[in-house]
Every structure is written in C-alpha cells, then in structure tokens.
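So you can see what is in the structure, the chains are spelled out below.
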Amino acid sequence: MTFTIPIDNGDAVKIAEAESQRTLYPYVTGTSIVAIKYKDGVLMASDMGGSYGSTLRYKNIERMQAIGKHSLLGASGEISDFQEILRYLDELTLNDNMWDDGNSLGPKEIHNYLTRVMYNRRNKFNPLWNTLVLGGVKNGKSYLGMVSMIGVSFEDDHVATGFGNHLARPILRDEWHADMSFEDGVKLLEKCMRVLLYRDRSAINKLQIAKITEEGVTVSQPYSLKTFWEFSSFHNPTAGAEGSW
Amino acid sequence: MSQSSVDVPPKGGFSFDLCKRNDMLTQKGLKAPSFLKTGTTIVGLIFKDGVILGADTRATEGPIVADKNCEKIHYMAPNIYCCGAGTAADTEAVTDMVSSQLRLHRYQTGRDSRVITALTLLKKHLFSYQGHVSAALVLGGVDITGPHLHTIYPHGSTDTLPFATMGSGSLAAMSVFEAKYKEGLTRDEGIKLVAEAICSGIFNDLGSGSNVDICVITKGNKEYLRNYMEPNPRTYVSSKGYSFTKKTEVLLTKITPLSEKVEIVEVAGEAMEE
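About the thresholds
Residues numbered from 1 in each chain as written. Chains lettered and ligands numbered in written order. Predicted model: local features only at pLDDT ≥ 70, side-chain atom pairs only at ≥ 80, totals over all residues. Heavy atoms only, no water. UniProt positions renumbered as here; feature names shortened; annotations may be inferred. Pairing = 2+ DSSP bridges. Helix = DSSP H or I, 4+ residues; strand = E, 2+ residues; numbered from the N terminus. Axes fitted to C-alpha atoms, helices over the stretch in contact; angles between N-to-C directions. Contact = heavy atoms within 4.5 Å. Buried < 20%, exposed > 50% of the residue type's maximum accessible area, 1.4 Å probe, protein only. Salt bridge = Lys/Arg side-chain N within 4 Å of Asp/Glu carboxyl O.

Chain B goes by Proteasome subunit beta in an unreviewed UniProt entry, where it is assigned to Capsella rubella. One UniProt comment on chain B, placed under Catalytic activity (unreviewed entry), says "Cleavage of peptide bonds with very broad specificity."

As annotated in an unreviewed UniProt entry, chain A carries the name Proteasome subunit beta and is attributed to Capsella rubella. Per UniProt, chain A has the following entry under Function (unreviewed entry): "Non-catalytic component of the proteasome."

As structure tokens, this is what we get:
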C-alpha cells in the first residue's frame with residue numbers, strides 16, 4: 001500500500017522526510033484477539049507470540065494490558081504501536097487521576113478516546129497499525145468494543161481481530177449466548193483459540209485469558225491447549241491412493 | 001511473423017501468447033471483464049461408511065448474485081462426485097471433461113472408476129494450465145479400495161484429507177470442522193456436521209448463500225440430496241395471497257372458437273421446401 005502526498009513544489013528533501021516518517025508496513029506483529037461478554041463481565045483471550053514477518057521472534061509478549069481500574073485493552077498488529085498506545089493511555093489516566101475527584105475513566109470513555117486517536121492518525125496517512133479490543137465493566141455494566149487501524153469502531157457482544165474474524169466469529173455467532181458462566185465462557189474462548197492454533201500460521205500454543213469484572217482485571221498465567229493429531233488418515237494419508245500426495 | 005518460417009502445425013496445449021497482451025492492457029488501465037465466480041463454500045468429510053460432500057448454491061458475478069440456486073456438486077462417475085469452487089465455467093468444463101474420460105475408461109477396462117483416476121486426470125489437466133484454469137475442487141467417492149476424499153487446487157496440487165473445505169467460505173466451514181469433527185461419525189451425524197459447516201459459510205461469508213446441497217456416497221450407493229436445507233426462504237410472503245380490486249362488471253360471455261373460421265388448404269407442389 002503506497003499513499004502519495006500531494007506536494008505542490010516537488011521539493012525532494014521534504015518528500016523524503018515526510019515519507020520516511022509514515023508507517024508503511026508493520027514489522028513485529030501479534031495475531032488475533034478473541035473476546036466475549038459473559039455473566040459477570042468480559043473475557044478476552046490472546047496468544048503470546050510476536051512475529052517478525054514469517055519468523056516467530058518473540059514468545060512472551062503480553063498483548064492484553066489493564067487500563068485504569070475498569071478496562072482491559074488487547075491489541076493485534078504492530079507491537080511498537082501498541083506500546084505507544086499504552087503510553088498515550090498512561091498519560092490520559094494520569095491526567096485524569098490528578099483531578100482527584102473520585103471519578104475514573106470507564107471503558108466507554110477509553111474506547112472513544114482510542115477511536116479518535118486511530119481515526120486522526122489515519123487521516124494523516126500515518127496510522128497506528130493495530131486492531132484494538134477494549135473490554136471493561138463500570139457500575140455493573142459490561143462493555144466490549146473494537147477499533148481498527150483506519151478508525152472503524154463499534155461495540156458488540158463478541159469480537160475477534162485478524163484471522164479470528166474468519167475462524168472464530170462463525171463459532172461465536174453460533175454458540176455465544178447472553179449470561180454465560182465463567183467456565184462456559186472460557187471453554188468457548190478455548191474452542192476458538194484451538195481452531196486458530198490449527199489454522200493460523202502465526203498463532204502459537206501459549207495463551208492467556210483475561211477477565212474483567214466489577215472487582216477488577218485479572219490476567220491468567222500463560223498456558224497451552226491440548227491438540228489432537230491422531231486421525232487415522234493422518235497416520236497414512238495415501239493408503240488406498242498410492243502415488244498421490 | 002517472419003516470412004522465412006515454415007508452416008509448423010501448432011504443438012497443442014494452451015497458447016500463452018495473449019497473456020502478455022492482457023497484462024499490457026491491464027497496465028494501461030483496462031478493467032478485465034469480470035467472470036462468473038462461484039464465491040462458495042464447499043466441504044467434504046469421511047464418515048464411517050463413506051464420504052459426504054456438501055456445497056452452498058450461490059453463484060456471484062462480482063457483487064451481484066447471478067444464480068440463487070446453482071448446482072456445485074458435479075457428477076463424475078456413479079460412485080464419484082466433485083464439488084467445484086472458483087470460476088463456474090472452469091469447474092463445469094473440467095469436471096465434465098474428466099467425467100467423459102472416466103466413462104470411456106470404464107468401457108475400456110470393464111471396471112468401476114477409482115477416485116485416484118479422477119484425481120490424476122484432474123491434476124494433470126490443471127497443472128498443465130499453470131493455474132489459469134481457476135478450479136478448486138473437493139473430490140470424493142467410494143471405490144473398490146475404500147472411501148477417498150481429496151482437494152485439488154487450481155495450480156494442480158492435491159491433498160488427501162479426512163475433512164476438507166474450499167472456496168471463500170472455507171475458513172468459516174473449517175472452523176466448524178476443526179471444532180467438531182471426530183472419526184467414525186454415523187451417517188446422520190456426518191450430514192448434520194456438513195450442513196452446519198455449509199450454513200456457517202452461508203451466514204458468515206458474503207460469497208456463499210442460499211441453500212445447502214448434500215451428496216452421500218457409500219459402497220455401492222449414492223444419495224444426491226439437492227436443496228437438503230433451505231435456510232433462506234422468502235420471509236415476507238403475504239398470507240392472503242394476491243387479490244385485485246373489483247373490475248368492471250361482466251354483462252355477457254360469448255366464446256367463439258377461431259378454428260372454425262379458418263380454412264387450411266394444402267396446395268400440392270407449393271409445400272415449404274425443407
């Protein structure tokens with residue numbers, strides 16, 4: 001994707017400077033995030049991989065971070081842009097705390113802030129290359145929303161980014177229902193993450209599940225899923241069809 | 001062409017001459033004509049007694065649905081069927097062609113066709129056209145050596161799998177299979193799973209839609225369940241039917257048959273020449 005900036009005088013130096021400071025492609029990327037609303041709040045799952053192109057460079061990246069007391073932010077896409085967004089949110093929550101008025105930023109406010117930031121950056125042709133998932137609970141109401149790198153933002157009962165859109169969404173549309181219990185919610189997320197593990201080349205088998213409730217945010221320890229490879233056709237795929245592959 | 005060249009008969013096979021011209025035209029800005037693609041979700045799985053193939057029924061021409069109820073499960077042999085995704089003309093032509101070849105082969109050998117025969121014939125054809133024949137196929141059947149399920153890609157590579165999906169809705173269907181497939185499914189469980197996978201494609205992929213077709217092949221028997229499921233019926237049909245406002249009153253009805261009024265005379269020698 002190349003964008004051309006209309007510059008009238010064609011000053012070579014100016015163009016070079018402007019071009020080199022825009023994000024053109026992502027380098028270190030995280031893959032999908034899947035999140036659902038459940039009875040007590042929001043559940044979010046992500047794996048811990050950071051790919052550098054087609055190399056699996058980092059295997060310990062936490063792509064979900066708590067924001068303030070009420071929200072959890074998960075990101076897929078460029079990891080450095082995710083870290084920059086965390087810095088912006090840090091400044092935001094710090095400034096908010098300094099008012100010291102007993103109020104704190106809820107998930108809806110943070111989602112709105114992120115939407116503005118992402119859309120503004122896209123308008124300058126210098127996007128933050130992420131798809132963000134924002135979940136939280138404030139005053140008993142749970143909230144789950146998503147912002148993409150071009151500023152498309154919406155709220156839903158279940159969201160997925162990247163490959164999760166194609167592989168996890170169909171499962172969630174079929175099997176999600178309101179007021180799931182914690183165990184059911186985790187089972188549903190694990191089902192989605194397992195399919196992603198089988199079919200997304202940048203997924204790794206080390207994932208975390210985070211839960212946000214009225215009490216606060218907890219991110220689980222990393223663990224791995226059990227996979228099944230014992231189909232008889234996998235043992236000898238070309239039995240009865242010798243010569244084919 | 002140079003004048004000194006001898007008239008050599010064409011060597012046969014695909015002539016790639018126009019591909020360079022097409023590339024040049026697209027570079028100059030000409031939009032290639034869109035062709036009828038089948039968008040599509042096609043799936044196959046192996047169950048206890050054989051193979052089950054499934055497909056949706058929507059054919060798209062760019063953003064328009066060209067055919068709401070097309071047939072994507074093609075006949076290859078009495079015991080072999082093939083689902084096709086990609087360009088509709090390519091899948092039709094290639095499966096038709098190999099089906100004829102299989103029939104001639106059956107006459108010659110006196111035996112039932114085998115799935116690997118169909119596989120090799122399709123694979124050879126597609127590879128020789130280097131991916132330009134845009135047909136992605138799920139081939140399944142039961143022959144003397146047992147049940148078989150293969151996927152064939154437009155460039156000619158093949159896979160042998162216990163369950164397979166192809167087409168734009170393949171990821172939606174594959175997510176259902178990966179979550180729910182087990183070995184040794186019964187016929188009803190298999191049909192239910194295939195229908196679920198196709199529905200997942202129909203509802204989550206824009207290139208797939210309308211109804212679910214299913215084909216069950218077992219040893220010595222096949223069932224082609226056309227429109228097995230119709231999950232997209234017309235929702236708002238008036239229950240009262242159509243009625244029109246009262247017309248002008250009928251005062252008199254008189255019927256005059258016209259055949260009594262016309263005389264047909266055959267003049268010898270002036271009959272129409274064939």
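What follows picks up the thread again.
Caption draft 1: Up close: the sheet that holds strand 12 (residues 221-229) of chain B. Residue and element names in this part refer to chain B. Strand order across the open sheet formed by 5 strands is 10-1-2-11-12, with antiparallel pairing between neighbours. Edge positions in the open sheet fall to strand 10 (163-166) and strand 12, since each of these has one partner strand only. On average, each strand axis in the sheet is inclined to that of its neighbour by 10°, with strand direction left out of account. Pairing geometry for strand 2 (residues 50-55) and strand 11 (residues 212-218), over 6 bridges, is antiparallel. Of the residues in strand 11, the one forming a bridge with Val 51 is Ile 217. Across the sheet, helix 5 (residues 187-204) lies against strand 1 (42-46), strand 2, strand 11 and strand 12, angled at about 150° from strand 11, the strand it touches most.

Caption draft 2: Expanded view of the UniProt feature "active site" (unreviewed entry) in chain B. Residue and element names in this part refer to chain B. Under the local residue numbering, the UniProt record ascribes the feature "active site" (unreviewed entry) to Thr 40. Examined against the element boundaries, Thr 40 turns out to sit in the loop between helix 1 (17-28) and strand 1. In this structure Thr 40 comes out as buried when scored by relative accessible area, which is 0%. Discounting chain neighbours no more than four positions away, the residues touching Thr 40 are Asp 56, Lys 72, Gly 84, Ala 85, Met 166, Gly 167, Ser 168, Gly 169, Asp 205, Gly 207 and Ser 208.

Caption draft 3: Molecular detail of the pattern of salt bridges. All names here are of chain B. Evaluation of the coordinates by the stated rule reveals 14 salt bridges over all chains. A salt bridge links Glu 196 to Lys 180; its shortest N-O distance comes to 2.5 Å. Residue Glu 196 is located in helix 5, and its partner Lys 180 is located in helix 4 (residues 170-180); the two are separated by 16 residues in the primary sequence. We note a salt bridge from Glu 223 to Arg 187, for which the minimum N-O separation is 2.8 Å. Pair noted here: Glu 223 is in strand 12 and Arg 187 is in helix 5, with a separation of 36 residues, a long-range link. The exposure class of Glu 223 is partly exposed, given its relative accessible area of 28%.

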